[in-house]
Amino acid sequence: MAVKYVFVTGGVVSSLGKGITAASLGRLLKARGLKVSMQKMDPYYNVEPGLLSPLQHGEAFITADGVAADLDLGHYERFIDDNLRGEASVTTGKVLKSIMDAELQGQYKGGTIQVIPHVTNEIKKRIRQSAVNSGSDIAIIEIGGTVGDMESAPYLEAIRQFGSDIGRGNCCYIHVTLLPYVSVAMELKTKPTQHSVKDLRSIGIQPDIIVCRSQYPIQSDAKEKIALFCSVKRGHVVQNHDVSALYEVPLMLEKEGLADIVLGVLHMKKRVPDLTGWQQMVNDYLAPKGKLKVALVGKYVALHDAYLSVAEALTHAGIAHRQSLEMTWIASDDLTESNAGKLLARHDAIIVPGGYGDRGAEGIITALRYARTHKVPLLAIGFGMQLAVVEACRNLLGLTDANSTEVAPDCRDKVIRIPPERVCDNDSRGASRMGGYAIKLVDGLAMRAYGTDQINERHGNRYEVENSYVAPLEKKGFIVTGRCVEADYPEIFEYQKHPYYLAVIFHPEYQSRPNKPHPLFLGLIGAAKARKDAAEAKTTSGSSRRSKA
């Protein structure tokens, strides 16, 4: 069967949740037994999303094949529970670079390069390649930006042409818009949606479905008005109002019939979905049996999207343990030895996610020392793992000048450094280990959590732990329980004199799913719950003894 295509565009304002809408549709189609692929078209000119500041654009999601991509790919993977290839992330920078490279290789034979047909053809080629390579039945493509943006124009023209190329029965256009609520009038306004659709139609795209984002449920008369003025069927106006939990969105869109509408537009047979597991997961999320406090100590906490996958992975583990999580976002710049107790003492677990550069490193080291010495369950990731090794070298081995060369290039004990064989002109990416690598485990917390002795996890690191420090650390109980199969780099450290202290160079958060929490996050929240339960039992026992006295 030929691939069918669904294009998701946005109007009125940015940050509407196109990505969640697209991901939710992917979940609903997969629940019907269809093979789904997803792709994001970003209009910004950066070639490498991984080089964008986390404080500007949120995290860079790393795919299994080693591409740093837009964070929406994380939403896609979590919802459809499939690994996407790097080609699922397209930017204008990538498109234009490909065209310029082709020109320099003489492929255009001196011809003039223009937006139409060269840029649009390159976009269409990438859409087709990604869909075909994934072997999908339906490819869902989200167009970044908002209709009317100058940057998005080539993508909108490309998908307009695409619909003509393959025939409308093979293509579906979904337009996501905002229905703002005007409190004075106490109603949702449809006019912005009408204007957005008018702009879309002016460039030759007639949406098949309009998904309306709103603060409150949409009344039937508003749907009828939108359908009339936007020339869509009454049943093809779908509401997507705010919900208490992100993972409720697919269930809400299922009630609205979105997937069946899409299948009808694509001339495909309707199928009965199996959303039993997803519904149960949402039920567990909405009805927790307890509450845990987790401190996230990082460099980019000013923008929570910088640690989006970490936060979601914690949520997944919380759902599995039927625990709601109260997260405290602590800027490592603000953490010192004098205030560590005040900021960290009330938490049941501490997580230290990735990062880069020297800023805030000492605050992270302070948090790691606090977690180790006070036996607070800890998971340190990437840069966090490297600084955990630095902290152990300083305070267990007495190497007071130990550091990472990323933080202090001239330090005496270079515990973390770029391996000499991987030093290159562009250390920002050329020296990195990117994507999935096999890891061999020995007995320890990690091996027991995974239930196997070999795993594959995603990486995005330039710096590695210097092996000469491993043996002295292991004598102090700070042991390596995982090593890279390919190059023998230390991957996992555990502190044996601690209930749950794990430091990993890879990024487990990228493989966590709402209905399949990652084992290391599951272990962290389990250890946090056990610690809290033990403390409460001790308090109850003490109170009982005092009352008898």
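Here goes a summary of the coordinates provided.

Reading the values: rules and limits
Residues numbered from 1 in each chain as written. Predicted model: local features only at pLDDT ≥ 70, side-chain atom pairs only at ≥ 80, totals over all residues. Heavy atoms only, no water. Salt bridge = Lys/Arg side-chain N within 4 Å of Asp/Glu carboxyl O. Helix = DSSP H or I, 4+ residues; strand = E, 2+ residues; numbered from the N terminus. Pairing = 2+ DSSP bridges. Contact = heavy atoms within 4.5 Å. Axes fitted to C-alpha atoms, helices over the stretch in contact; angles between N-to-C directions. Patch = residues over 30% accessible without salt bridge, like charges linked within 9 Å, V, L, I, M, F, W, Y side chains within 5 Å. Areas by Shrake-Rupley, 256 points an atom, 1.4 Å probe, with all protein chains shown as cover. Buried < 20%, exposed > 50% of the residue type's maximum accessible area, 1.4 Å probe, protein only. Expected span 1.5 Å × (residues − 1).

**As for the pattern of salt bridges**
Line of reasoning, step 1. Taken as a whole, this structure holds 40 salt bridges when the rule is applied.
Line of reasoning, step 2. Salt-bridge contacts for D101 lead to K97; the nearest nitrogen and oxygen are separated by 3.1 Å. Pair noted here: D101 and K97 are both in helix 4 (residues 92-104), with a separation of four residues, about one helical turn.
Line of reasoning, step 3. Close ionic contact of E491 with R433 constitutes a salt bridge, the shortest N to O distance being 2.8 Å.

**Focus: the sheet that holds strand 20 (residues 464-465)**
Line of reasoning, step 1. Spatial strand order, 16-17-20: three strands in an open sheet with mixed pairing. What marks the edges here is a single partner per strand, and that holds for strand 16 (402-404) and strand 20.
Line of reasoning, step 2. Here strand 17 (residues 413-417) runs beside strand 20; their pairing, made up of two bridges, is antiparallel. By the bridge assignment for strand 20, R417 is matched with E464.
Line of reasoning, step 3. Along the sheet face, helix 15 (residues 383-395) touches strand 16, strand 17 and strand 20 and points at about 170 degrees away from the line of strand 16.

**Description of the sheet that holds strand 2 (residues 36-42)**
Line of reasoning, step 1. Within the open sheet, the seven strands sit side by side as 5-2-6-1-7-10-11. Their pairing is parallel. Two strands in the sheet have a free side with no partner beyond their single neighbour: strand 5 (89-91) and strand 11 (237-241). The sheet shows a mean angle of 20 degrees between the axes of neighbouring strands, direction not considered.
Line of reasoning, step 2. In this structure, strand 1 (residues 4-10) lies alongside strand 7 (residues 171-179), joined through six bridges in parallel fashion. Bridge pairing links F7 to Y173 in strand 7.
Line of reasoning, step 3. In the packing of helix 7 (residues 191-202) onto the sheet, contacts are made with strand 1, strand 7 and strand 10 (209-214), and the angle to strand 7 comes to roughly 145 degrees.

**Re a nonpolar patch on the surface**
Line of reasoning, step 1. Taken together, Y181, M186 and Y216 make up a surface patch of nonpolar side chains, about 330 Å² in accessible area.
Line of reasoning, step 2. For Y181, the position within the fold is in strand 8 (residues 181-182).
Line of reasoning, step 3. We classify Y181 as partly exposed; its relative accessible area is 32%.

**Overview of helix 14 (residues 361-373)**
Line of reasoning, step 1. Taking 1.5 Å of rise per residue, the 13 residues of helix 14 would be expected to cover 18 Å, and the 18 Å separating its terminal C-alpha atoms lies within 8% of that figure.
Line of reasoning, step 2. Among the 13 residues in helix 14, 10 count as buried, and that is most of the element.
Line of reasoning, step 3. When we look at burial in helix 14, the residues that qualify are A361, G363, I364, I365, T366, A367, L368, Y370, A371 and R372.
Line of reasoning, step 4. K375 sits one or two positions beyond helix 14 and adopts a positive phi of about 55 degrees.

**Overview of the environment of L396**
Line of reasoning, step 1. Along the polypeptide, L396 turns up in the loop between helix 15 and strand 16.
Line of reasoning, step 2. The exposure class assigned to L396 is buried, which follows from its relative accessible area of 16%.
Line of reasoning, step 3. L396 sits 21 residues away from R417 along the chain, and the two C-alpha atoms are 20 Å apart.
Line of reasoning, step 4. Residue contacts for L396: discarding those within four places in its chain leaves R372, E391, K476, F478 and Y495.

**Concerning the pairing of strand 22 (residues 490-495)**
Line of reasoning, step 1. With respect to burial, strand 22 is a largely interior element, six of its six residues being buried.
Line of reasoning, step 2. As defined by bridge partners, strand 21 (residues 478-484) adjoins strand 22 across five bridges and the pair is classed as antiparallel. Within the sheet, the bridge partner assigned to I479 lies in strand 22 and is E494.
Line of reasoning, step 3. Hairpin remark: strand 21 followed by strand 22, antiparallel, with five residues in the connecting loop; positive phi at D488, about 65 degrees.
Line of reasoning, step 4. Strand direction decides the pairing type here: strand 22 and strand 23 (residues 501-504), joined by three bridges, are antiparallel. Following the sheet pairing, E494 is matched in strand 23 by L502.

Nothing here speaks to function; it is all geometry.
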